Amino acid sequence: MSNLSRQTDKVFEEFHQKWEREQQELKKKLVLEDTESWRQDFGSLRYIGGVDVSFVKTSTTLACASLVVCDYPDLKVVYSDCELVHLDMPYIPGFLAFREVGFFLNLLDKLKDTNHGLTPQVILVDGNGILHPRGFGIASHLGVLSGIPCVGVAKTLMQVDGIAKDEKFAAKAMRGCDKSSNPIFVSVGHRVSLQTATELARRCCKYRVTEPVRQADIRSREFLRDMFPETAPSRKQQPKAKKTKAHEDMSRPSHANEVKVGGAKSTTCFLDEEHSGQSDEEEESSFDCLFGPT
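Keep in mind that what you see is a predicted model, and the values were worked out from it rather than measured.

Draft legend 1. Layout of the pairing of strand β4 (residues 122–125). Burial along β4 is two-sided: V122 and L124 and I123 and V125, pointing in opposite directions, are all buried. Here 4 bridges tie strand β1 (residues 47–55) to β4, and the two strands are oriented parallel to one another. Across the sheet, I48 pairs through a bridge with V122, a residue of β4. Here β4 pairs with strand β5 (residues 150–154) via 3 bridges, running parallel.

Draft legend 2. The arrangement of unusual backbone geometry in detail. Here the residue pair Y72 and P73 is connected by a cis peptide bond, since its omega of 15° sits within 30 degrees of zero. With respect to the helices and strands, the residue P73 is situated in the loop between β2 (62–71) and β3 (77–86). Residues other than glycine seldom take positive phi values, yet F42 does so here, at roughly 65°. Turning to its location among the elements, F42 is positioned in the loop between α1 (3–27) and β1. A relative accessible area of 6% means that F42 is categorised as buried. The phi dihedral of L75 is positive, around 65°, even though this residue is not glycine.

Draft legend 3. Geometry of the pattern of salt bridges. For the structure shown, the criterion picks out 11 salt bridges. Within this structure, E199, R202 and R203 form a network of salt bridges that share partners.

Draft legend 4. Expanded view of the environment of A97. Mapped onto the fold, A97 is located in helix α2 (residues 97–114). The exposure class of A97 is buried, given its relative accessible area of 6%. Sequence separation between A97 and A139 is 42 residues, and the spatial gap between their C-alpha atoms is 8.2 Å. Aside from chain neighbours lying at most four places away, what touches A97 is I138 and H141.

Draft legend 5. Seen up close, the confidence of the model for the chain. Chain-level statistics for the chain give a pLDDT mean of 78 and a share of 69% at 70 or above. Here residues 234–286 is modelled with pLDDT under 50, and outside its nearest four sequence neighbours on either side it reaches 117 contacts, counting other chains as well.

Draft legend 6. The arrangement of the environment of I138 in detail. Assignment of secondary structure puts I138 in helix α3 (residues 138–146). Among all residues touching I138, those that are not within four sequence positions of it are L96, A97, E100, V101, F104, V125, G127 and N128.

Cut-offs and rules
Residues numbered from 1 in each chain as written. Predicted model: local features only at pLDDT ≥ 70, side-chain atom pairs only at ≥ 80, totals over all residues. Heavy atoms only, no water. Buried < 20%, exposed > 50% of the residue type's maximum accessible area, 1.4 Å probe, protein only. Helix = DSSP H or I, 4+ residues; strand = E, 2+ residues; numbered from the N terminus. Pairing = 2+ DSSP bridges. Salt bridge = Lys/Arg side-chain N within 4 Å of Asp/Glu carboxyl O. Contact = heavy atoms within 4.5 Å. pLDDT = per-residue confidence, 0-100.

Right, here's the structure in full:
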């Protein structure tokens, strides 16, 4: 093993130990029960948030953090904010929150400063809550630090505590639509019960992905497509984009941001291979597995 490899391993191990200690401390503040009055019949629920991060295809660190707020029950976007960010923290499995949560908190702080009345009463997160090796995923992390109830709605099953996507798992899975082949995985984040989390996710699904998360994803990709058009999929009869200084130096930090209140565009833009192919509009709303306290 080279000296560089050993140094890299040492750095990652130091981050791992530090972050694990921080996770355990934050977990002590985790609330796995309903704390809000709107959960009784959803009658007083007005605003639901959704957050997501999309990466520029040619970069592993340059990305767009996105926050949207949808009204309820119509699920129309009333607020949208996208910000170009640099994820300078290393990615270590199980510690995604340490890369992304800080950007979501910044977007929430901006919302409270400029449009406090639109602060979401609950946030749906593209990731896991307590469905996590240490029971404290990104949805729980964001909930504890923001003080806002959160629900984890992931597209990929994290195989922990003996949970595996096999025949035994499929037999126990809950399905909201028999036609859907692509599940989502709902887990308790913070200040909501499993029953409330699953019912809220059901009510927010127009397609496979919950609408607030779906809209955050759409807007983050559109933002990156507009800023870096050469990273978008090629289209017939589309003129080649003219390079700008920002395009030539994509590793340079930037604080560009965009706020849209109501009437925001909703054109889907795919900027990485993971999301190329079938769009959410072509899929049915579904649930395949739900996770609460164990």
